[in-house]
Amino acid sequence: MMTLSWENQTMIVEFVLQGFSSILQLNISLFIMFFIFYILTVFGNILIVILVLCNHALHTPMYFFLVNLSFLEVCYTSNIVPKMLLIIIANQKTISVVGCFTQFYFFGSLAATECLLLAVMSYDRYLAICQPLRYPILMTGSVCLRLATGSWFCCFLLTAITMVLLCRQTFCGPNEIDHFFCDFNPLIHLSCMDTSLTETIAFATSSTVTLVPFFLITVSYSCILIAILRISSGTGRRKAFSTCSSHLTVVTVFYGTLIAMYLVPSANSSQYLRKGFSLLYTILTPMFNPIIYSLRNRDIHEALKKCLSKKPV
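Reading guide: rules and limits
- Residues numbered from 1 in each chain as written.
- Predicted model: local features only at pLDDT ≥ 70, side-chain atom pairs only at ≥ 80, totals over all residues.
- Heavy atoms only, no water.
- UniProt positions renumbered as here; feature names shortened; annotations may be inferred.
- Helix = DSSP H or I, 4+ residues; strand = E, 2+ residues; numbered from the N terminus.
- Expected span 1.5 Å × (residues − 1).
- Buried < 20%, exposed > 50% of the residue type's maximum accessible area, 1.4 Å probe, protein only.
- Bend = angle between axes of the 7 residues up to and from the residue.
- Core = buried A, V, L, I, M, F, W, Y, C linked by side-chain atoms within 4.5 Å.
- Contact = heavy atoms within 4.5 Å.
- 1 Å grid on protein atoms, 1.4 Å probe; cavity = no way out; pocket = protein on both sides within 12 Å on 5 of 7 lines; lining within 4 Å.
- Points joined across faces, edges and corners; volume = space filled by probe spheres on them.
- Disulfide = S-S within 2.5 Å.

Going by the annotation in an unreviewed UniProt entry, the name recorded for the protein is Olfactory receptor, with Cricetulus griseus given as the source organism. Under the UniProt heading Subcellular location (unreviewed entry), the entry covering the protein gives this text: "Cell membrane". Check the Sequence similarities (unreviewed entry) section of the UniProt entry for the protein; it says "Belongs to the G-protein coupled receptor 1 family."

Right under this line is the structure:
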């Protein structure tokens, strides 16, 4: 039997994203639904940013990190959804190798940054509830800036390591990616070189930016729970819990989706399930975050009322 080496095969210059090709009859409905979700996501998160920036009463560490998270969600979903909409409505499935790598780089970097930002926000809530007297000293403006900047920089740097290894791979066919965006696993399976080192490094970096923040979040909320239970009055306990309930809800939804994603087997029969979970953390979670943070947040309500009540001069 003759073995054909990858050197003799034609290297590909573009990939084909399959998207939701097996349900073409639902294309218009899917386009309208995802387009509405995208508009709501962008509008909701930008509204949060504007309200915080324009209201001096919201210039606190908690809302500073919330602005970072909202801005991240806009970038995160805008990196994936527009191309997905083109695949659905215009059947524009091709994407260049450079474009695919770029989409994956920003997807991985932004997802990792969200993990660290959620950990930083849980640390902020821990200081506010467990050490309220030292909170103004420990969580100063410069500290907030360093924590936020460090989260962005570290995650973009770590993802760049995986990107360098991924760019050294050779892709020589097939070029079809059974997904609606360029994710790591379906992309690396198309390589015709040894991918063991790239997969090991990618696993190590992704585990670091997901498990370490998750551990810090767990420790923070364990301390918060103990501190809340020590409060004698029921009113005090409810007030303390309300300051972190929105963030805890977002953490539960975000990490719950990630855990479910990793638990899904890699068999082809479960590809629809994997795409479904991918939709959760690429579209639905960014859309629900501003709703969760504003639904029971009195400060956001007051800022919105103040903004709407302003009359033009």
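Caption draft 1: Representation of helix H2 (residues 61–78) within the structure. Between its first and last C-alpha, H2 extends 26 Å over 18 residues, near the 26 Å set by a 1.5 Å rise per residue. Burial within H2 is extensive, with 13 of its 18 residues counted as buried.

Caption draft 2: A look at helix H8 (residues 196–229). The terminal C-alpha atoms of H8 lie 48 Å apart, and with 34 residues this matches the ideal 50 Å at 1.5 Å per residue to within 8%. Where H8 bends most, at Thr208, the angle is about 25 degrees.

Caption draft 3: Representation of the nonpolar core. By size, the foremost hydrophobic cluster in this structure holds 43 residues, and its most contacted members are Phe15, Phe34, Met84 and Leu166. Elements supplying a minimum of two residues to this core: strand E1 (14–17), helix H1 (27–54), H2, helix H3 (81–90), helix H4 (97–130), helix H6 (141–167), helix H7 (184–188) and helix H10 (271–295). Element by element, the count of residues in this core is highest for H4, at nine residues. Contacts of Leu166, omitting those with residues within four sequence positions, involve Phe101, Phe104, Phe171, Phe184, Leu187, Ile188 and Thr198. The next biggest cluster of nonpolar side chains, apart from the first, holds 37 residues, and it includes Cys115, Ala119, Ile129 and Ala303.

Caption draft 4: Seen up close, empty space enclosed by the protein. Inspection of every chain in the model, using the stated rule, returns two cavities of 30 Å³ or more. Its volume calculated, the second largest cavity comes out at about 30 Å³. Surrounding the second largest cavity, Asn45, Leu66, Leu69, Ser70, Glu73, Asn289, Pro290 and Tyr293 form its lining. Contributions of two or more residues to the lining of the second largest cavity are made by H2 and H10. At four residues, the largest contribution of residues to the lining of the second largest cavity is made by H2.

Caption draft 5: Highlighting the environment of His59. On the secondary structure map, His59 appears in the loop between H1 and H2. Under the relative-accessibility criterion, His59 is labelled partly exposed at 44%. Taking C-alpha positions, His59 is 9.7 Å from Gly141, a pair spaced 82 residues apart along the chain. Sequence-distant contacts of His59, defined by excluding residues within four places in its chain, comprise Val52 and Leu53.

Caption draft 6: Up close: the state of the cysteines. Applying the stated criterion across every chain, the model contains one disulfide. Two residues share a disulfide in this structure: Cys100 and Cys182, whose sulfurs sit 1.9 Å from each other. Note on the Cys100 and Cys182 pair: the S-S dihedral is about -120 degrees, so by sign convention the disulfide is left-handed. Of this pair, Cys100 sits in helix H4 while Cys182 sits in the loop between strand E3 (176–177) and H7, and the two are 82 residues apart along the sequence. On the basis of relative accessibility, which here comes to 0%, the residue Cys182 falls in the buried class. Left unpaired, Cys223 is separated from the closest cysteine sulfur, that of Cys130, by 5.8 Å.

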